[in-house]
Amino acid sequence: MVTGIREAILRGEFVPNQRLVEADLSEQFAAARASVRAALLELAKEGLVERVQNRGARVRAISLAEAVEITEVRLVVEGLCAAKAAERITEEETEELAEIGESMRSAVSSGDVLGYSRLNEELHGRIRAISGQRTASEVLERLRAQSVRHQFKLAMHPGRPHVSLPQHLAIIEAVCAHDPDAAERAARAHLRSVIETLPEVDPSGEPVNP
């Protein structure tokens, strides 16, 4: 139940500030009202849903300022994961990351923005897995879920793939070279670029302090 509603939010089926009516969700997911209520409480803990007094639940809208804060945390934690991945990566995993990198090149060359976005997500996920940092991975998955709307806007931002591709390739190169320091620097540089670009993809957001 939790997974179903979470995935619907991440896919954009439920949009920010949309009310989540227990009766409707119960029918949609063929689940008891009690199960729906428990799922909404769990998703509220994850920051995807908010409870509004006397009005039930709704999808929580993430502001630009909060999206920047989330990315600042990701910068630190993903830097750690990249460094640990560089220490632990196997020959087979090196080949796997190299293949993802080549697929990313092809996607950018052919203008396949959605394909590149999926590969982007796959790359970050594989580096988290290779790092063996279970706690960090859980933190990053929760943060990713909260900021998915801004991530989608970023992926669709004109010219963004051409900017982020060399950043991703630098991460791959450093991890595959077993260079933890370079891997951490590359991951942090990439996410600093994300922070700098977020105000461009959400110009309606409130000003962000430097």
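Okay, so let's go over this structure. The numbering scheme is per chain: residues are counted from 1 as the chain's sequence reads. With the structure being a predicted model, the display of local features is reserved for residues of pLDDT at least 70 and the display and counting of side-chain atom pairs for 80 or more, all residues being used for whole-chain, interface and lining totals. Water and hydrogen atoms were dropped before computing side-chain values, which therefore reflect all heavy atoms in the structure.

Starting at the N terminus, helices and strands are each numbered in turn, a helix being any DSSP run of H or I of at least four residues and a strand any DSSP run of E of at least two. By the element assignment, Glu-22 lies in helix 2 (residues 22-28). Taking the relative accessible area as the measure of exposure, Glu-22 reaches 14% and is therefore buried. The buried label goes to any residue with under 20% of its type's maximum accessible area, the exposed label to any with over 50%, and the partly exposed label to all in between, with areas taken from a 1.4 Å probe on protein chains only.

When DSSP finds two or more bridges between two strands, those strands count as paired. As paired elements, strand 2 (residues 49-52) and strand 3 (residues 56-59) share four bridges and run antiparallel to each other. The partner of Arg-51 across the bridge, within strand 3, is Ala-57. Where strand 2 folds back onto strand 3 in an antiparallel hairpin, the turn is made up of three residues, including Asn-54, whose phi is positive at roughly 65°.

Below, the discussion takes up the nonpolar core. Within the largest apolar cluster, 25 residues are counted, with the highest numbers of intra-cluster contacts made by Leu-97, Met-104, Leu-123, Ile-127 and Val-175. Among the elements of the structure, helix 4 (64-88), helix 5 (91-110), helix 6 (113-131), helix 9 (160-176) and helix 10 (180-201) are those that each provide at least two residues to this core. If one sorts the elements of this core by residue count, helix 9 sits on top with seven residues. Buried Ala, Val, Leu, Ile, Met, Phe, Trp, Tyr and Cys residues form a nonpolar core when they are joined through side-chain atoms within 4.5 Å. Judged by nonpolar contacts, the second largest core, of 18 residues, contains Ala-8, Phe-14, Ala-39 and Leu-48.

Honestly, that's just the spatial picture; any functional story needs more than this.
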